[in-house]
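# Inside the fold
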Amino acid sequence: MIRLLLIRALPLFFRPAAIIAEAILLHGSDVLVIVLPVASLALSISSVPVHVDFYRSSAGDKEHANRGRDYASAVTAVLLIGLFSIVVLLLALPFASGALVVAAIAVTFGVEKIADEVSRALEFQKNFLSWFWVQVIRSIWLLLPIVVARVSSMDYEVAFVCFSMLAFLGFWVLFYFVTGLSLGMGLRGYTLVRDKLPFLLGNALPGIYRQLPRVLVSSMFPQYAHSFLAVAQVCQGAGLLYNVRFQIPFRKVIAHRTRLFQARMRPLMAKYVLIIFATALTYLFAGFVAPHVEPVVLAILLVPLLLADAVFFSILSATVGYVAWSSQTEVAVLTFAICLLVIVGSLGILAAAFVSTQLSVVQIPAVAIIIGVSCLAIINARHFPKACPNK
């Protein structure tokens, strides 16, 4: 367990290192604090569970090879749809950062999407050492354009787009070597994406929960953007502890006996959520009197809150995953739609009351936690009764 934790934890420090390096070496640059949250949000929304049928089958099944081809084709379809949607939507909006940053967001989304699928395959294979190196590569390439822009006359945004394209091609090849599947277009892939599309709403929940506060901080408090995002990335280690302890060792159990596993875990998770909710309330009220501080001081003050935020994100993501594994599509879609309405309604109330523009840096993630807890309560009430099921 300790070895697995170390393998999972060490790569977490490379991405914050890149964010800090951008702030120090390229003063005034904000590419990473814009690109990473938006690309990660797109990744979360695009995480349609097209892998479920493939990983539920085994190599001895007659349909395993066909499901593998369908899965690879579906990943390609999601990639193409995602890339097209990002470019069209961001260019259609009054996006102040320009076409190069839009391209950087789109290609970084592609890198993250393929890397995510490679990581999932290695987890199911329990090849955790290879998983470690994939995460290192997934983050270390972010440092390369910073170094190149620092030591040469090359424009930083151009360098970022070039290196992101190289990373995209590298992970495309790595997907084949890890899964034995070739990414390529196929009608069955689009059909699989269409069939799983209702779960898009569910995948949007944890994505919005984690990335929207980061986007808001970057836009509302640019002087704190790098420190906030760097601390948030490091604090994701708390969510890692949750995944290492309660998710990764039980992937197959979750896939085959989802409701039983969720029911056994629910009492402990309820205690965690109660502590997280109390932490969020404390920061929410403390934020009304919090003075403006230096970014380093703010980073220290944010640690407890962002640790709680990271653990709650893991709990929410896991619960959404349980719904994908175990619930009927129509019921799941209605649940996720209700949760999204709660989020939109809450943001609308805050905006109408002019509260959103008056929130401090520490209050933004605190409000996100409170809204997230409401969504989690809705999911549990509709899908996972307290009575422990037999399967």
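Keep in mind that this is a model prediction, so the values were computed, not measured. (Residues numbered from 1 in each chain as written. Predicted model: local features only at pLDDT ≥ 70, side-chain atom pairs only at ≥ 80, totals over all residues. Heavy atoms only, no water.)

### Looking at the overall build of the protein chain
Along the protein chain, the regular secondary structure elements total 17 helices and 0 strands. For the protein chain, contacts bridging at least 24 residues in sequence account for 83% of all contacts bridging at least 6. With an accessible surface of roughly 18,000 Å², the protein chain has 70% of that area assigned to carbon and sulfur atoms. (Helix = DSSP H or I, 4+ residues; strand = E, 2+ residues; numbered from the N terminus. Contact = heavy atoms within 4.5 Å. Areas by Shrake-Rupley, 256 points an atom, 1.4 Å probe, with all protein chains shown as cover.)

### Observations concerning the confidence of the model for the protein chain
For the protein chain, mean pLDDT is 84; residues scoring 70 or higher make up 88% of the total. Ranking the elements of the protein chain by mean pLDDT puts helix 1 (residues 2-9) last with 64 and helix 8 (residues 143-151) first with 95. (pLDDT = per-residue confidence, 0-100.)

### A few points about the packing of aromatic side chains
Summed over the entire model, instances satisfying the criterion amount to 8 aromatic pairs. Aromatic side chains phenylalanine 132 and tryptophan 133 sit 5.0 Å apart centroid to centroid with 75° between the ring planes, which places their arrangement in the edge-to-face category. Measuring from ring centre to ring centre gives 5.6 Å for tyrosine 176 and phenylalanine 177, while their planes differ by 75°; the resulting arrangement is edge-to-face. Taking the relative accessible area as the measure of exposure, tyrosine 176 reaches 43% and is therefore partly exposed. Residue class for phenylalanine 177 comes out exposed when judged on its relative accessible area of 64%. The structure contains a cluster of three or more aromatic residues connected by ring pairs, namely Trp141, Tyr156 and Phe160. Over the ring of phenylalanine 313 we find arginine 210; its NZ or CZ atom is 3.6 Å from the centre of that ring. (Phe/Tyr/Trp six-rings, centres within 6.5 Å; stacked < 30°, edge-to-face > 60°. Buried < 20%, exposed > 50% of the residue type's maximum accessible area, 1.4 Å probe, protein only. Lys NZ or Arg CZ within 6 Å of the ring centre and 35° of its normal.)

### Observations concerning the nonpolar core
Residues Leu32 and Phe160 are the most contacted members of the largest nonpolar core, which totals 61 residues. Contact partners of phenylalanine 160, with chain neighbours within four places excluded, come to Val31, Leu32, Val35, Ala104, Thr108, Trp141, Leu142 and Pro145. The next biggest cluster of nonpolar side chains, apart from the first, holds 56 residues, and it includes Phe261, Ala308, Cys339 and Val361. (Core = buried A, V, L, I, M, F, W, Y, C linked by side-chain atoms within 4.5 Å.)

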